[in-house]
Amino acid sequence: MTVFEPPKKILIVDDDPLNIEVLVAMLNDFDVKILKAQGGAEALGIVEKEKPDLILLDVMMPGVSGFDVAKQLKADRAHRHIPTIMVTALSDTENKIKGLEAGADDFLTKPVDQTELKARVKSLLKVKGYHDQLQNYNQILEAEVARRTQDLQIALTRRENLEAQLLRSQKLEAIGTLAGGIAHDFNNILSSIIGFAELAMDEAEKGTELWDDLDQIIQAGERAADMINQILTFSREKPGELRPIQLHLIVKEVAKLLEATLTPNIKLKTRIRSDAYAMADATQILQVLMNLCTNAAHAMSKTGGELEVRITNVADDDRGLRKTLKPVTKTYMEMTIRDTGCGIDPAISSRIFDPYFTTKDLGKGTGIGLSIVHSIIENHNGALTFTSKPGQGTTFKIYLPVVEKKTDHPHAPPREYLRGSEHIFLVDDEQVITVMESRILTNLGYRVTCETNSAKALEKFKQNPKLYDLLIVDYMMPEMTGVELAAEVNKIRNDIPIMLCTGYDMKVMSDQIEPAGIKSVIVKPMRKDKISKAVRDVLNQSKSGTQNDANYITH
Amino acid sequence: MTRTILLIEDDQQHRLMLRKTLAKAGYAIITANDGKEGLRHFDSQIIDLVITDLIMPEMEGLETIRRLRKQHKGTKIIAISGGGRTDPASYLNVAKLLGAAHALRKPIRRKELLEAVQDVCPLD
Ligand SMILES: Nc1ncnc2c1ncn2[C@@H]1O[C@H](COP(=O)(O)OP(=O)(O)OP(=O)(O)O)[C@@H](O)[C@H]1O
Ligand SMILES: [Mg+2]
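Computed from a predicted model, the values in this text were never measured in an experiment. (Residues numbered from 1 in each chain as written. Chains lettered and ligands numbered in written order. Predicted model: local features only at pLDDT ≥ 70, side-chain atom pairs only at ≥ 80, totals over all residues. Heavy atoms only, no water.)

Residues and elements named next belong to chain A. Around ligand 1 there are 18 residues in total, and Asn295, Thr358, Thr359, Lys360 and Thr366 lie nearest to it. At 2.5 Å, a side-chain N or O of threonine 359 approaches an oxygen atom of ligand 1. The separation between an oxygen atom of ligand 1 and a polar side-chain atom of lysine 360 is 2.5 Å. For ligand 1, whose accessible area on its own is 590 Å², the fraction buried by protein is 90%. For the shell around ligand 1, the secondary structure elements donating two or more residues are helix H8 (282-299) and helix H10 (369-379). (Near = heavy atom within 4 Å. Polar contact = N/O pair within 3.5 Å; in protein donor to acceptor, adjacent residues only side chain to side chain. Areas by Shrake-Rupley, 256 points an atom, 1.4 Å probe, with all protein chains shown as cover. Helix = DSSP H or I, 4+ residues; strand = E, 2+ residues; numbered from the N terminus.)

As structure tokens, this is what we get:
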């Protein structure tokens, strides 16, 4: 039999000191230390300090009752294993059930019988002893297991991260697809809601409750429309063009934007420790930083605090970087956004990247900020982690792969453009464009005549149709579109090549383009290389007399 | 002089809303469920303005606009769209390129609608 070393502690709780003394006397020949409490609150305090091995608990006490004490202890991880015997004058079943529900392990009915008391105390102390021993073994085991699990844990976290990220992207994708599918119907519905409310408003008098209520319907409808719009924009988000850029320039830009918007109780610190280049889309990274900083500022809006934006190079074996799932094959740089705000409750930390998850008041946040951040970083082949302590603050870290600075050829040979000397008739209602285009064409050696009005252009052409070798017309012109003008010109001289310029990809209209004699469609904006090649192609084609379908030049 | 608007919209509820709104503003309204049906009305009516949704079964709104421009050159057109898988703005752009005088995005506010309508088809 195990010798109890040090002596076991028994806590006796009763509002009547006399009852306590009776129990103490009955336990006289046990080698135990007796602790006494004359009320529930006092008892809880002693439990906290002394960690007794057994509690004898009177049920009927003013203030914190025996039930309350039992309940609180069982709810507490550290104390739920302490066996509790309820001592009660009540012998009715209902109260026993109540006691058991509260977590009592056993019952004694007053007046207490000494033999019974000793038997119960003994057996429960024994149980507690076994429990303690078990816990000791457990601790040893746990330490051992912990050591072994550590490696496993890292692997697991990585996998979890991966799964979570996968899930996130799938969710986003699903929402995007869904949104695209329903947006049209949804906007019809919203349009009906708003429209009928507006009709109903005609029948209501301004200033009445009815009028206000209808106004609310309209506002709600518009909010829903905004939301649909955002989902759509979001789901359509394509990876922007990634170019090597120095991220610290963006950080500086963000700092400037923030200075104007941050409240004075928030101190902004920027620390730039890297001027490395990353493959990134500047606008998107700006968006990421603005989102994270806005969140940070919001988290500190009540208390004030410090917002730090830091950018550094990281080593391959950086701990933060290793925590992310990315196999580290590249060199990364790290952007840190740290705040001293309210922090993120661990209970919600797995959801903050979910689209539309927000803790902000209705109308204050849509909950889309972090999901956008997440998808942008994904598109950049980067990684994202965060740590947070409620009440102390939050730190987000972003890792982006670094690239070697692009070595611009300092003396790149000047581009060779295709040139010519033909006479080109240029028609565009925008004068700036005719000026710009004619400058390009003149530089390439061509002779150029310009006109900004399509009707006048037609007149001019009629006067001397043989003068020109090529007609370039803009599509969108008042009075007569480029296609209509082309058709008229084609009637007068069907061998003159015509080129149509448009701000929009108009494959939809191909059935009108060919009959109008248009040989080539070129999509704006015009660049010198594009225009020089297109013009040369069309001219060469018409000289060799080849009959080709209209060409599309979009880039 | 009465002004007649042909309203082509496949969403029945939305059609009713637009119809009531425009009728209240003083226009005569004919409605059609799709472009094909809409074009048929031209045989028996004088139509001053066509308001058409862009995404509909049977004849797509864009196609409707193209036919209108070919067959009924003088008719004014206003396109409306709530978008779908692609950006509504891009549909509306095409509608304008094809000759719609205005392109409105759903949900449509009455003020915006009436301004557009009165711009191309004023009541005297
Ligand atoms: N720095 C932070 N400190 C504390 N909580 C944060 C922080 N950043 C994000 N959160 C929590 O994550 C939630 C989601 O953030 P997210 O940026 O996605 O949406 P939002 O800020 O609520 O709304 P939105 O960005 O669309 O205006 C926030 O509502 C907030 O609870
Ligand atoms: Mg946010």
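Moving on: the nonpolar core. Residues and elements named next belong to chain A. Core analysis: the largest hydrophobic core is formed by 39 residues, its most contacted members being Leu247, Leu307, Met335, Ile398 and Leu400. Only helix H7 (247-261), strand E8 (277-280), H8, strand E9 (305-314), strand E10 (332-339), H10 and strand E12 (393-403) provide two or more residues apiece to this core. The greatest single-element share of this core, amounting to seven residues, is contributed by H8. If sequence neighbours within four positions are ignored, leucine 247 has contacts with Ala276, Ala278, Ala280, Ile285, Ile311, Met333, Met335 and Leu400. Ala457, Val473, Met480 and Ile518 belong to the second largest nonpolar core, which has 22 residues in total. (Core = buried A, V, L, I, M, F, W, Y, C linked by side-chain atoms within 4.5 Å. Buried < 20%, exposed > 50% of the residue type's maximum accessible area, 1.4 Å probe, protein only. Contact = heavy atoms within 4.5 Å.)

Further remarks concern helix H15 (residues 528-544) of chain A. Between its terminal C-alpha atoms H15(A) stretches 24 Å, which fits the 24 Å expected from 17 residues at 1.5 Å a residue. Buried within H15(A) we find A:Lys530, A:Ile531, A:Ser532, A:Ala534, A:Val535, A:Arg536, A:Val538, A:Leu539 and A:Gln541. (Expected span 1.5 Å × (residues − 1).)

So, on to the sheet that holds strand E4 (residues 76-81) of chain B. Residue and element names in this part refer to chain B. If you trace the five strands from one edge of the open sheet to the other, you get E2-E1-E3-E4-E5, paired in parallel fashion. The two strands at the open ends of the sheet, each matched to only one other strand, are strand E2 (28-32) and strand E5 (102-105). Each strand of the sheet is rotated relative to its neighbour by a mean of 20°, with strand direction disregarded. With four bridges joining them, strand E1 (residues 4-8) and strand E3 (residues 49-53) adopt parallel strand pairing. The residue of E3 that forms the bridge with leucine 7 is isoleucine 51. Running at roughly 165° to E2, helix H1 (residues 12-24) makes contact with E1, E2, E3 and E4 of the sheet. (Pairing = 2+ DSSP bridges. Axes fitted to C-alpha atoms, helices over the stretch in contact; angles between N-to-C directions.)

The next thing to look at is helix H5 (residues 110-120) of chain B. Helical periodicity: at 3.6 residues per turn, an α-helix aligns residues three or four positions apart in one direction. Residue and element names in this part refer to chain B. When H5 is considered as a whole, its buried residues turn out to be Arg110, Leu113, Leu114, Ala116, Val117 and Val120. Projected down its long axis, H5 shows its buried positions confined to an angular sector of 160°, all on one face. Of the exposed residues in H5, those oriented more than 90 degrees away from the buried face are Lys111 and Asp119. (Arc of directions from axis to C-beta.)

A few words on the environment of A:Ile376. Residues and elements named next belong to chain A. Here isoleucine 376 is to be found in helix H10. Owing to a relative accessible area of 0%, isoleucine 376 belongs among the buried residues under this scheme. Once the C-alpha coordinates of isoleucine 376 and aspartate 281 are considered, the two residues, 95 residues apart in sequence, prove to be 9.2 Å apart. Ignoring anything within four residues of it in the chain, the contact list for isoleucine 376 reads Gln284, Gln287 and Val288.

A few words now on the packing of helix H12 (residues 454-463) of chain A against helix H13 (residues 482-492) of chain A. Packed helices, taken two at a time, are described by the angle between their axes plus the distance between the axes. Residues and elements named next belong to chain A. Two elements in contact, H12 and H13, have axes separated by 10 Å at closest approach and are oriented at 10°. By the angle class used here, H12 and H13 are roughly parallel. Between H12 and H13, the residues in contact are Ser454, Ala457, Leu458, Phe461 and Lys462 and Leu485, Glu488, Val489 and Ile492, respectively. Looking at side-chain class alone, the contact of H12 with H13 contains six nonpolar, one polar and two charged residues. (Parallel < 35°, antiparallel > 145°, perpendicular 65-115°, else oblique. Nonpolar A, V, L, I, M, F, W, Y, C, P; charged D, E, K, R; others polar.)

Bringing a nonpolar patch on the surface into the picture now. All names here are of chain A. Taken together, Ile189, Ile193 and Ile217 make up a surface patch of nonpolar side chains, about 230 Å² in accessible area. Tracing the backbone through its elements, the reader meets isoleucine 189 in helix H5 (residues 114-203). We classify isoleucine 189 as partly exposed; its relative accessible area is 41%. (Patch = residues over 30% accessible without salt bridge, like charges linked within 9 Å, V, L, I, M, F, W, Y side chains within 5 Å. Salt bridge = Lys/Arg side-chain N within 4 Å of Asp/Glu carboxyl O.)

Moving on to the side chain of B:Arg3. Residue and element names in this part refer to chain B. Of note, arginine 3 is situated in the segment before E1. Within the structure, arginine 3 has its side chain in polar contact with the backbone oxygen of proline 122 (distance 3.2 Å). Leaving out residues up to four positions away in the same chain, arginine 3 has contacts with Tyr27, Ala28, Asp48, Cys121, Pro122 and Leu123.

Below, the discussion takes up the confidence of the model for chain B. Overall, the predicted model of chain B reaches an average pLDDT of 85, with 84% of residues at or above 70. As a predicted assembly, this complex carries a pTM of 0.37 together with an ipTM value of 0.76. (pLDDT = per-residue confidence, 0-100.)

Residues and elements named next belong to chain A. All told, the structure shown has 34 salt bridges over all chains when counted by the stated rule. The closest approach of N and O atoms between glutamate 50 and lysine 33, which form a salt bridge, is 3.9 Å. Taken together, the positions of glutamate 50 in helix H2 (residues 40-50) and lysine 33 in strand E2 (residues 32-37) put the pair 17 residues apart, joining distant regions of the chain. For glutamate 50, a relative accessible area of 23% gives the class partly exposed. Residue glutamate 308 is joined to arginine 310 by a salt bridge in which the shortest nitrogen-to-oxygen separation is 3.3 Å. Given a relative accessible area of 2%, glutamate 308 falls into the buried group. By relative accessible area, arginine 310 is classed as partly exposed at 23%. Look at the salt bridges and you will find they share partners, linking Lys269, Arg271, Glu306, Glu308, Arg310 and Arg338 into a network.

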